[in-house]
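Commentary on secondary and tertiary structure
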Amino acid sequence: MTRKITIGVISFIAAIVVLLVQPFSFENIDAGNVGIKINLYGTDKGVDNITLVTGRVWYNSWTTKIIEFPTFTQSVDYDSFVITTKDAAEFKVDPKLNYHINPDKVPQIYRQYRRPLGEIQQGFMKNTIYDAYRIVANSFTSDSVMSNREVFEDRVQNVLTKTLGKDGFIYDQLTSAITPPPSLRQMIDEKNTSIQARLKAENMAKQAEAEAKVLVAKAEGQAKATLIKARAEAEANQLRQKTLTPLLIQQEWVSKWNGVLPTTNAGGASLMLGIK
């Protein structure tokens with residue numbers, strides 16, 4: 001009886017040990033990721049030409065390893081660095097890159113770099129980005145960088161698209177945040193201030209000219225109105241003069257007479273002006 005118990009205990013312990021040390025395991029490949037199976041031993045040692053689909057993948061952990069790569073968009077904010085234009089001006093660049101990986105090229109990426117994606121971003125990709133800026137900056141002067149910033153960034157993006165694309169890294173977007181040197185920044189500020197002052201003066205001159213035109217228009221209008229009024233009065237006077245006859249004048253005088261005869265101081269006699 002004791003022997004059976006001992007054998008049972010030993011079998012139970014052995015089963016637990018087997019379960020603990022058995023090599024089979026699984027990996028859950030989430031959506032938006034792909035996994036690659038790496039053979040650690042044998043003639044097929046290395047990366048298989050198979051890109052694993054998303055889901056649960058069983059494998060022998062003693063002989064194989066699963067590496068998971070995200071294929072959704074990655075955003076990397078790199079440390080700022082300095083580039084030099086061909087006229088020796090130094091600009092600070094603070095790049096931020098958005099990219100994603102071509103799923104079909106994940107095995108190729110691992111074969112070439114043998115690094116996790118985070119290390120690739122801070123190694124190969126970082127150096128590629130810095131080199132692209134430096135190469136393009138050598139073909140620009142400081143003034144042309146500021147006045148043609150879109151052209152400058154387009155050329156950097158073209159270099160990155162070609163360089164990163166051939167290795168399976170698909171460029172999506174790049175922001176540069178280019179900062180000019182303090183001396184150039186001061187010149188730009190002074191130029192902008194001068195432009196603003198000139199525009200303000202031009203606007204004030206245009207406003208004064210417009211106000212002057214309004215005053216002239218008002219004066220011309222008043223003058224025309226006065227002239228028209230004067231002409232009307234003159235024509236009315238002429239018309240009245242033509243229509244007034246001596247008889248009409250006498251009738252007008254009679255109609256307005258109040259019946260009182262004019263007097264003089266000579267003898268107190270009243271004289272009547274001759275009225276016919």
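The structure we're discussing is the one just above.
Residues numbered from 1 in each chain as written. Predicted model: local features only at pLDDT ≥ 70, side-chain atom pairs only at ≥ 80, totals over all residues. Heavy atoms only, no water.

1. Points about the packing of helix α3 (residues 117-137) against helix α5 (residues 149-165)
Stated precisely, the cut-off is as follows: Only the contacting stretch of a helix is used when fitting its axis, a line to C-alpha atoms as for every element, and angles between N-to-C directions run 0 to 180 degrees. Numbering goes from the N terminus for both helices and strands, where a helix is a DSSP run of H or I of at least four residues and a strand is a run of E of at least two. Should an angle fall under 35 degrees it is taken as roughly parallel, and over 145 as roughly antiparallel, whereas 65 to 115 is taken as roughly perpendicular and any remaining angle as oblique. Two helices crossing with the near one rotated counterclockwise from the far one by less than a right angle form a left-handed crossing, whereas a clockwise rotation gives a right-handed crossing. In what follows, residue pairs with any heavy atoms lying within 4.5 Å of each other are defined as contacts. Under this grouping Gly is polar, as are all residues other than the nonpolar Ala, Val, Leu, Ile, Met, Phe, Trp, Tyr, Cys and Pro and the charged Asp, Glu, Lys and Arg.
Where α3 meets α5, the closest approach of the two axes is 9 Å, and the angle between their N-to-C directions is 140°. The orientation of α3 relative to α5 falls into the category oblique. The handedness of the crossing between α3 and α5 is right-handed. Where α3 abuts α5, its residues F124, M125, T128, I129, A132, Y133, V136 and A137 lie against F152, R155, V156, V159, L160, T163 and L164. Of the residues that constitute the contact of α3 with α5, the class distribution is 12 nonpolar, two polar and one charged.

2. Comments concerning the pattern of salt bridges
Basically, it comes down to this: We define a salt bridge as a side-chain nitrogen of Lys or Arg found within 4 Å of a carboxyl oxygen belonging to Asp or Glu. Whether a residue is buried, partly exposed or exposed follows from its accessible area with a 1.4 Å probe, protein chains only, as a fraction of its type maximum: under 20%, in between, or over 50%, in that order.
For the structure on display, the rule yields three salt bridges. Across the pair K166 and D167 runs a salt bridge whose closest N-O atoms are separated by 3.7 Å. Judged by its relative accessible area of 53%, K166 falls in the exposed class. We classify D167 as buried; its relative accessible area is 5%.

3. Some remarks on the sheet that holds strand β9 (residues 96-101)
Strands belonging to one sheet form pairs held by backbone hydrogen bonds; the direction of such a pair is parallel or antiparallel. Put simply, the rule is: Should DSSP find at least two bridges between two strands, the strands are taken to pair.
Pairing in this open sheet of three strands is antiparallel, and the strands run β6-β9-β10 from one edge to the other. On the outer flanks of this sheet lie β6 (74-77) and β10 (169-175), each paired with one strand and no other. Each strand of the sheet is rotated relative to its neighbour by a mean of 25°, with strand direction disregarded. By the bridge criterion, four bridges tie β6 to β9 in an arrangement that is antiparallel. When the bridges of β9 are listed, Q74 appears paired with Y99. Packed on one face of the sheet, α5 meets β9 and β10 and runs near 160° to β10.

4. Observations regarding unusual backbone geometry
One non-glycine residue, A88, lies in the positive phi region at around 70°. Along the polypeptide, A88 turns up in the loop between β7 (81-84) and β8 (90-93). Note on A88: relative accessible area 59%, which makes it exposed. Although it is not a glycine, R114 sits at a positive phi angle of roughly 50°.

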